[in-house]
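Below are the chains, spelled out letter by letter.
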Amino acid sequence: MYREARTYDAVLECYYQFSKNQCVIIETLLENLRLGINDDYLKEDLQILLKDAFTF
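Residues numbered from 1 in each chain as written. Predicted model: local features only at pLDDT ≥ 70, side-chain atom pairs only at ≥ 80, totals over all residues. Heavy atoms only, no water.

A. Main features of the overall build of the chain. When helices and strands are tallied, the chain shows 2 helices and 0 strands. In the chain, which comprises 56 residues, the proportion classed as buried is 12%. Total accessible area computed for the chain in this model is approximately 5100 Å², and 59% of it derives from carbon and sulfur atoms. (Helix = DSSP H or I, 4+ residues; strand = E, 2+ residues; numbered from the N terminus. Buried < 20%, exposed > 50% of the residue type's maximum accessible area, 1.4 Å probe, protein only. Areas by Shrake-Rupley, 256 points an atom, 1.4 Å probe, with all protein chains shown as cover.)

Structure representation (structure tokens):
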């Protein structure tokens, strides 16, 4: 979609959708980790690690 964008607005919309989708994926992964891990310290460390790794 990005390569087919003909205007700056279309490029920004593509970037916005990509960013939004990435955030949804990360939040879903974090929620799954919250449900699957019982150790609070490990869960907290993994959440921080993932948020830091995927923040842009």
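B. Examining the environment of Ala5 more closely. Among the structural elements, Ala5 can be located in the segment before α1 (8–36). Residues contacting Ala5, with those up to four places away along its chain left out, are Ala10 and Val11. (Contact = heavy atoms within 4.5 Å.)

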